[in-house]
Amino acid sequence: MPVINGKIHHFRPYGLLNGLVILIDQETHSLWDHITGKAIDGSLKGYQLEVWPIRFITVVSALREYPDIEISMSTYRSIRKWFAATLYPKFIHARVLLPFFFRWTMQSKPDPRLPELTQGLGVVVDGRAKYYPLSVIPSDGLQDRWLNRTLRVQRSQMDNVPQAFWNDTNEQPMQLLTRWYGFAFTYHDCEIYTSSYS
Amino acid sequence: MHKRYETKLLKIGFFFKPLIAPVKGQSLYKANLHPDEELIVIERKDKYRALLAREMAYHHIAQGEIAGEPYLVTF
């Protein structure tokens, strides 16, 4: 939520660091980590925005689960936008390439524990983070004991996209579908779920 | 300012334009999108709003309002 001390701030992309977008707010020119929602430099350094999970989903799944859903489509037209959409028409299960200039921005090599473009679900709770590679999430889901609770990770039957829920409350912790390199650069000490069968 | 990041921060923000979303979206059902088109969905107070993932590959930021509350989606 882009509200700071009761006022809406307006954000735009500023640059790339570690292959991840850094934001800037027009009001204070502070720099922001777009994954954590935390100011990393400027007068608001250390400020934490309220964050919510977002969900990747296909149109067919969205219409089935949320029949009244609305969409906000961009009316902006430019070659740059066309190029970006052509280069990256799909994300969820697609094999994507890391643009060469992303590497120029990396402060170290990507965490070698997994291939850098592994796709997975990152879950973040009170600063603790755990990554669930798509390849280890069975089609019928999994249950993982973590932080003294049981987390259920299930896949949508229609588009195979995973979501995580706490078993005891059915609430969703903060989570994002993301490539490994970005999650690991953001949460250096994150755990990785490994299936007992893998 | 921002000197800590100068050596690795690639300032290409000018390349991208944030999406300023209207308060009222349009019906996804009536948008005639391909069933496999990928969306980013946010929810607030049982209201759901979708953004096209391929458009967010360019915009990286969408800012708007849902259920009377401002939102910022980043990608």
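If you're wondering where the values come from, they're calculated on a predicted model, not measured in any experiment.

Re the domain arrangement of chain A
A common way to report how large an interface is uses the accessible area buried once the components associate.
At step 1: Domain boundaries in chain A define domain 1 (3-41) and domain 2 (59-192).
At step 2: Centre-to-centre, using C-alpha coordinates, domain 1 of chain A lies 20 Å away from domain 2 of chain A.

Brief notes about the environment of Lys38 of chain A
Residues and elements named next belong to chain A.
At step 1: Topologically, Lys38 is positioned in the loop between strand E5 (31-33) and strand E6 (39-41).
At step 2: For Lys38 and Trp82, which are 44 residues apart along the polypeptide, the C-alpha to C-alpha distance reads 30 Å.
At step 3: Discounting residues that sit within four places of it in the chain, Lys38 has contacts with Trp32, Asp33 and Gln48.

Digging into the sheet that holds strand E9 (residues 119-125) of chain A
At step 1: Spatial strand order, E14-E9-E10-E15 (chain A): four strands in an open sheet with mixed pairing. Two strands bound the open sheet, and with one partner strand each, they are strand E14 (174-179) and strand E15 (191-192) of chain A.

Comments concerning the interface of chain B and chain A
At step 1: Counting from both sides, the interface comprises 55 residues of chain B and, opposite them, 51 residues of chain A.
At step 2: Here the side of chain B that touches chain A is built from residues that sort into 33 nonpolar, eleven polar and eleven charged.
At step 3: Two elements, strand E8 (residues 70-71) of chain A and strand E2 (residues 26-27) of chain B, share two bridges in a ladder whose sense is antiparallel. Following the sheet pairing, Glu70 of chain A is matched in E2 of chain B by Ser27 of chain B.

With respect to the pairing of E9 of chain A
Along any regular strand, the residues point their side chains to alternate faces of the sheet.
Residues and elements named next belong to chain A.
At step 1: The element E9 is extensively covered by neighbouring structure, given that five of its seven residues are classed as buried.
At step 2: Two elements, E9 and E14, share six bridges in a ladder whose sense is antiparallel. Looking at E14, one finds that Gln119 is bridged to Arg179.
At step 3: Where E9 lies against strand E10 (residues 128-133), six bridges are found, and the strand directions are antiparallel. Bridged to Val125 within E10 is Arg128.
At step 4: Two successive antiparallel strands, E9 and E10, enclose a turn made up of two residues, where Asp126 displays a positive phi of approximately 50°.

Rules of the game
Residues numbered from 1 in each chain as written. Chains lettered and ligands numbered in written order. Predicted model: local features only at pLDDT ≥ 70, side-chain atom pairs only at ≥ 80, totals over all residues. Domains from an automatic or database assignment. Helix = DSSP H or I, 4+ residues; strand = E, 2+ residues; numbered from the N terminus. Contact = placed C-beta atoms within 7 Å. Pairing = 2+ DSSP bridges. Nonpolar A, V, L, I, M, F, W, Y, C, P; charged D, E, K, R; others polar. Buried ≥ 20, exposed ≤ 12 C-beta atoms within 10 Å, placed from the backbone.

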